[in-house]
Amino acid sequence: MIVLTGNDLKSGAVVWWTGADWSVHVDHAVDVGDEADSIAAREEAARRVNAPYAIEAARDERGVRPAHIKDRIRALGPTVRPDLTLKPAEPDIGNWVI
């Protein structure tokens, strides 16, 4: 699965392409396949996202999980305070990152 990520131009938040818009939740990301470059170029030109790029990910029963640890950290949020992440109720969320 190939998904797009970048940063929201207004807020700076990490965002994920949903097929129609951008979401702060990686679980909303869709497989863009061969369209990654054209979607990224179009969205950056429209000034909705900054520095979009394609990454490998996998979808399982827990949702979408980026393949690389850097993007798993970007998807989750602060690693120093689990209560401030995007998934604060999950007690073993640290295992999701690593």
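Worth saying up front: this structure is predicted, and the values here are computed from it rather than measured.

(A) Highlighting the pairing of strand 5 (residues 63–66). When strand 4 (residues 49–60) meets strand 5, the two strands line up antiparallel, connected through four bridges. Note that in strand 5 the partner of Ala 57 across the bridge is Pro 66.

(B) Structural detail: the sheet that holds strand 4. Spatial strand order, 3-2-1-4-5: five strands in an open sheet with antiparallel pairing. If you trace the sheet from one side to the other, it starts and ends with strand 3 (22–23) and strand 5, each paired once. Relative to strand 3, strand 2 (residues 14–17) runs antiparallel, the two sharing two bridges. Considered in strand 3, the bridge of Trp 17 is made with Trp 22. Across the sheet, helix 1 (residues 36–45) lies against strand 1 (2–8), strand 2, strand 3 and strand 4, angled at about 140° from strand 4, the strand it touches most.

(C) Molecular detail of the pairing of strand 4. As paired strands, strand 1 and strand 4 are joined by six bridges and run antiparallel to one another. In the sheet register, Thr 5 faces strand 4, and the bridge partner there is Tyr 53. A loop of two residues connects strand 4 with strand 5, the two strands running antiparallel in sequence.

So, how was this worked out
- All residue numbers refer to position in the chain's written sequence, counted from 1.
- pLDDT decides what is reported in this predicted model: residues at 70 or higher carry local features, side-chain atom pairs at 80 or more are listed and counted, and totals for whole chains, interfaces and linings draw on all residues regardless.
- For side-chain calculations, the full set of non-hydrogen atoms in the structure is used, while hydrogens and water are omitted.
- Strand pairing is assigned whenever DSSP detects at least two bridges linking the two strands.
- Numbering goes from the N terminus for both helices and strands, where a helix is a DSSP run of H or I of at least four residues and a strand is a run of E of at least two.
- Two residues qualify as a contact provided that any one of their heavy atoms is within 4.5 Å of a heavy atom in the partner residue.
- Inter-axis angles, ranging from 0 to 180 degrees, are taken between N-to-C directions of lines fitted to C-alpha atoms, where helices are fitted over the stretch in contact.

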